[in-house]
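So you can see what is in the structure, the chains are spelled out below.
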Amino acid sequence: MHISSKHSTRLLVLALGLASAALGTASPASARTPVEAPARTAAAGYVGTAENAADKAFFEAVVNSVAKRQAAQPSLLAVTVYYNATNAPSFRNQISSAASIWNSSVSNVKLQATSGSGDFAFYEGNDSRGSYASTNGHGRGYIFLDYAQNRQYDSIRVTAHETGHVLGLPDHYSGPCSELMSGGGPGTSCTNRYPNATERARVNQLWANGLAKALARTAR
């Protein structure tokens, strides 16, 4: 899996329904034509060399997007990051499960699906680089889910890992299977889909700071 980053922040409270925990690996429908993702700029991936600068760029892009929303709703106390999964229909269940995992793991930020314009979007298709997260640096980003990689690795782990980039976490391929952001480092037998205590604490810290940063930007 190639997991990339683009990290979002801002305020809003939400509850995401739990999607089935036992979803298998997604296999593309032969009759379905993959939607082409936007041109890839900076990105981080599920396996390979970590691109932490890209992770930071994604996070900042989402922060900018959420800050604009916070200006219109200053009373919101929790950050809600919206995602659109319309262009990744084969992975609908995995995306929902990954969002539920994160929503049950952290408190300062929540993920919510939208059919409209979100902070980031999911795409699916074939890419020799695997799955990754990318951003245009202007408040919008996307996660690309590669078919082959999601058959080789646990698909929900891949999706949750890539989503971790959106929430501000970098790749750490040398970590153990118990560490979600170790990505494909532990090998294909690793099926852990949950962030560990350190990762959960880091996301909560980032989003507490992100909330403060968003508020500061709206006050300018």
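Only a predicted model underlies this, so the values are computations on that prediction, with no experimental measurement involved.

Draft legend 1. The environment of S115, seen in detail. Take S115: it is sitting in the loop between β3 (109-113) and β4 (120-125). Taking relative accessible area as the criterion, S115 reaches 73% and is therefore assigned exposed. Through-space distance from the C-alpha of S115 to that of Y82 is 9.4 Å; in sequence the pair is 33 residues apart.

Draft legend 2. Seen up close, the state of the cysteines. For the coordinates displayed, the defined rule picks out one disulfide. Paired through a disulfide, C177 and C190 show a sulfur-sulfur distance of 2.0 Å. The sign of the 90 degrees torsion about the S-S bond sets the C177-C190 disulfide as right-handed. Linking C177 in the loop between α4 (155-166) and α5 (197-218) with C190 in the loop between α4 and α5, this pair joins segments that are 13 residues apart in sequence.

Draft legend 3. Summary view of the pairing of strand β2 (residues 79-87). Pairing analysis gives five bridges linking β2 to β3, with the strands arranged parallel. Along β3, the bridge assignment pairs V81 with L111. Crossover β2 to β3 through helix α2 (residues 92-105) is right-handed. Two elements, β2 and β4, share three bridges in a ladder whose sense is parallel.

Draft legend 4. Region of interest: α2. With 14 residues, α2 should reach 20 Å at 1.5 Å per residue; the first-to-last C-alpha distance of 20 Å fits that figure. For α2, the tally of buried residues reaches ten of 14 residues, placing the bulk of the element in the interior. For α2, the complete set of buried residues consists of Q94, I95, S97, A98, A99, S100, I101, W102, N103 and S105.

Draft legend 5. Up close: α4. Helix length check: α4, at twelve residues, gives a terminal C-alpha distance of 17 Å against a target of 16 Å (1.5 Å per residue), a fit within 8%. In terms of burial, α4 is largely enclosed, as twelve of its twelve residues are buried. Taken residue by residue, α4 has S155, I156, R157, V158, T159, A160, H161, E162, T163, G164, H165 and V166 as its buried positions. Just downstream of α4 lies G168, where phi reads positive at about 110 degrees.

Draft legend 6. Molecular detail of the packing of aromatic side chains. On inspection of all chains with the given rule, the structure shows seven aromatic pairs. Judged by centre distance (6.0 Å) and plane angle (35 degrees), the rings of Y83 and F120 are tilted. On the criterion of sequence distance, the pair formed by Y83 in strand β2 and F120 in strand β4 is long-range, its members being 37 residues apart. Of the two residues examined, Y83 and F120, each falls in the buried class. Each ring, one from Y132 and one from F144, has its centre 5.4 Å from the other, and the planes form 20 degrees; the classification is stacked. Here the residue Y132 occupies a position in strand β5 (residues 132-135), and F144 occupies one in strand β6 (residues 141-146), the gap between them amounting to twelve residues. By the burial criterion, Y132 is buried, and F144 matches it. Taken together, Y123, Y132, Y142 and F144 form an aromatic cluster joined through their ring pairs.

How each quantity is defined
Residues numbered from 1 in each chain as written. Predicted model: local features only at pLDDT ≥ 70, side-chain atom pairs only at ≥ 80, totals over all residues. Heavy atoms only, no water. Helix = DSSP H or I, 4+ residues; strand = E, 2+ residues; numbered from the N terminus. Buried < 20%, exposed > 50% of the residue type's maximum accessible area, 1.4 Å probe, protein only. Disulfide = S-S within 2.5 Å. Pairing = 2+ DSSP bridges. Right-handed = clockwise from strand over helix to strand, strands pointing away. Expected span 1.5 Å × (residues − 1). Phe/Tyr/Trp six-rings, centres within 6.5 Å; stacked < 30°, edge-to-face > 60°.

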